[in-house]
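Residue-level structural notes
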Amino acid sequence: MWHPIARLRSRPGGASDDPQDQEQAVHAQLNRLLRAWLLLVLLGGAEFAVSFLPLARPLRPLVMIPGVLMVVTVTVAFMELRRGPVLVRAFAVAAMLWLLVLLSLGSADPLTRTEFHVPNVQVK
Amino acid sequence: MSSTVVHDFQYESPSHQAQTAIAGMWLFLATEVLFFGGLILSWIYSRHWNQIGFDAGARETKLWIGTLNTGILITSSFTYAAGLAWIRAGNTRRLIQCITVTLMLGLAFLALKFGLEWRDDFSQHLFPAASIFKITGAEEGGARLFFIFYFISTGLHGVHMVVGVALLLWIIRRARRGEFSPLYHTPVHAVGLYWSFVDIVWLTLYPLIYLVGRG
């Protein structure tokens, strides 16, 4: 399993057992996490601001784009998707694929149906 | 703290066992994606046919609570990930501190959502099954549908949060007993994946409930 200390230990010279090196490795990782948190705050702010734009009703779901980027950020930075075993990425890709199939097939009818105007006439 | 890590007979090494556990958690989360996917589909379908009513319902939600809760959850994911980084360096004390902060943030989320927001929603006649409903006229049907989505989705998310809080308490208890080390911290990692996933679900629900219907 990946973790920064193990990576440090595998370095030639084996400086990893030094507590100072371990401390540096942790602080480097905390800096990366902090940057990810800041990015999330910025994206959240952007999503909040964009939601007040006067977009047409059918286009309103576009305000979710920063939210999608936030989901990607959490998955990559906090869930360490890129660093786990290949099987983990396979499960994540499969989940996204199934979700895409579910949402695209499920919404195909309402998004493509043609509505015809029916005149308001009374039939005797 | 133990310096050696044992593994069950069916695995070739402790690392193999840890990788299997993490992959298992990801597979569980993949099923959760489909579980919440059905909810998102219901939102797409219902909003498409009831846009005016849906947007009228969305304007009745408490934007400040939803936004504050979003900040709380992304911060809690950060503090949990920081705790994981600390235990990888063998610092159990920092792990406990980080997870305790995560726990407090989780409880704050639940208090705001169910102690304040839901209570206000009920008192303002926004419960969709009630005979008296705040929104009337042409928008009523769509707004009732919106609040069905709102209560079911935030309720299910809340159940996941409660499970997450229980898991955090379990991690704190085990950490206090000194059961985690740089060589063995798989439960900390697995619970972190679950907690971040619950965060992701909220990041999806937040715009669907509070933002898309405004503007």
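The structure contained in this document is the topic of the report that follows. Residue indices begin from 1 for each chain and proceed along its sequence in written order. Ligands are numbered from 1 and chains lettered from A, in the order in which they are written. pLDDT decides what is reported in this predicted model: residues at 70 or higher carry local features, side-chain atom pairs at 80 or more are listed and counted, and totals for whole chains, interfaces and linings draw on all residues regardless. Neither water nor hydrogens contribute to the side-chain values; these are computed over all heavy atoms in the structure.

Here a helix means four or more residues in a row that DSSP labels H or I, a strand means two or more in a row labelled E, and each is numbered from the N terminus. Under the convention used throughout, the expected extent of a helix is 1.5 Å for every residue step, that is, one less than its residue count. Across its 27 residues, helix α4 (residues 86–112) of chain A extends 38 Å between first and last C-alpha, which sits within 8% of the 39 Å expected from 1.5 Å per residue. For α4(A), every residue scored as buried is listed here: A:Val88, A:Phe91, A:Ala92, A:Ala94, A:Ala95, A:Leu99, A:Leu103, A:Ser107 and A:Pro110. In what follows, residue pairs with any heavy atoms lying within 4.5 Å of each other are defined as contacts. Its buried side turned inward, α4(A) meets α1 (14–49) of chain B. Between buried and exposed lies partly exposed: a residue is buried under 20% and exposed over 50% of the maximum accessible area for its type, with that area taken using a 1.4 Å probe on protein chains only.

This part is about the environment of B:His48. Considering the arrangement of structural elements, one finds B:His48 in helix α1. If we skip the residues at most four places from it in the chain, B:His48 touches A:Pro110 and A:Leu111. Any pair of nitrogen or oxygen atoms within 3.5 Å is treated as a polar contact; in protein, a donor-acceptor pairing is required on top of that, and neighbouring residues in sequence qualify only through side-chain atoms on both sides. Reaching out from B:His48, the side chain makes a polar contact with the backbone oxygen of A:Pro110 at a distance of 2.6 Å.

All right, on to the packing of helix α3 (residues 65–78) of chain A against helix α6 (residues 186–211) of chain B then. Each packed pair of helices is defined by two parameters, the angle between the axes and the distance between the axes. Between α3(A) and α6(B), the least distance of the axes is 9 Å, while the angle of their chain directions is 170°. Classified by the interaxial angle, the pair formed by α3(A) and α6(B) is roughly antiparallel. Facing α3(A), whose interface residues are A:Met70, A:Val71, A:Val74, A:Thr75 and A:Phe78, α6(B) presents B:Ser196, B:Asp199, B:Ile200, B:Leu203 and B:Thr204. Counted by class, the contact of α3(A) with α6(B) contains 6 nonpolar, 3 polar and 1 charged residues. Note on geometry: axes are lines fitted to C-alpha atoms, helical ones only across the stretch in contact, with angles between N-to-C directions running from 0 to 180 degrees. Throughout, the term roughly parallel applies to angles under 35 degrees, roughly antiparallel to angles over 145, roughly perpendicular to angles from 65 to 115, and oblique to all others. Just so you know the grouping, Ala, Val, Leu, Ile, Met, Phe, Trp, Tyr, Cys and Pro go in nonpolar, Asp, Glu, Lys and Arg go in charged, and all remaining residues, Gly too, go in polar.

Glancing now at the interface of chain A and chain B. The interface is formed by 53 residues belonging to chain A together with 56 residues belonging to chain B. Note on terms: buried area is the combined drop in 1.4 Å-probe accessible area of two parts once they are placed together, counting the loss on both. Counting each side, the surface lost to burial between chain A and chain B is near 4,900 Å², with a carbon and sulfur contribution of 76%. Each salt bridge in this description consists of a side-chain nitrogen of Lys or Arg and a carboxyl oxygen of Asp or Glu lying within 4 Å of one another. Taken together, the connections running from chain A to chain B amount to 2 salt bridges. The closest approach of N and O atoms between B:Arg88 and A:Glu80, which form a salt bridge, is 2.8 Å. Summed over the shared surface of chain A and chain B, the result is 8 residue pairs in polar contact (both at pLDDT 80 or more). Listed by contribution, the elements that provide at least two residues to the side of chain A that touches chain B are α1 (4–9), α2 (19–50), α3 and α4 of chain A. With 15 residues, the single largest contributor to the side of chain A that touches chain B is α4(A). Of the residues assigned to the side of chain A that touches chain B, the class counts are 37 nonpolar, 8 polar and 8 charged.

With that out of the way, let us pick up the pattern of salt bridges. Scanning the model with the defined rule gives 10 salt bridges over all chains in all. Across the pair A:Arg113 and A:Asp109 runs a salt bridge, and its minimum N-O distance is 2.6 Å. Judged by its relative accessible area of 32%, A:Asp109 is partly exposed. The shortest N-O distance in the salt bridge between B:Lys62 and B:Asp121 comes to 2.8 Å. One end of the pair, B:Lys62, is in the loop between α2 (51–58) and α3 (63–88); the other, B:Asp121, is in helix α4 (residues 92–123), with 59 residues separating them in the sequence. The class for B:Asp121 is buried, based on a relative accessible area of 0%. Where salt bridges share partners, they join A:Arg57, B:Arg47 and B:Asp55 into one cluster.

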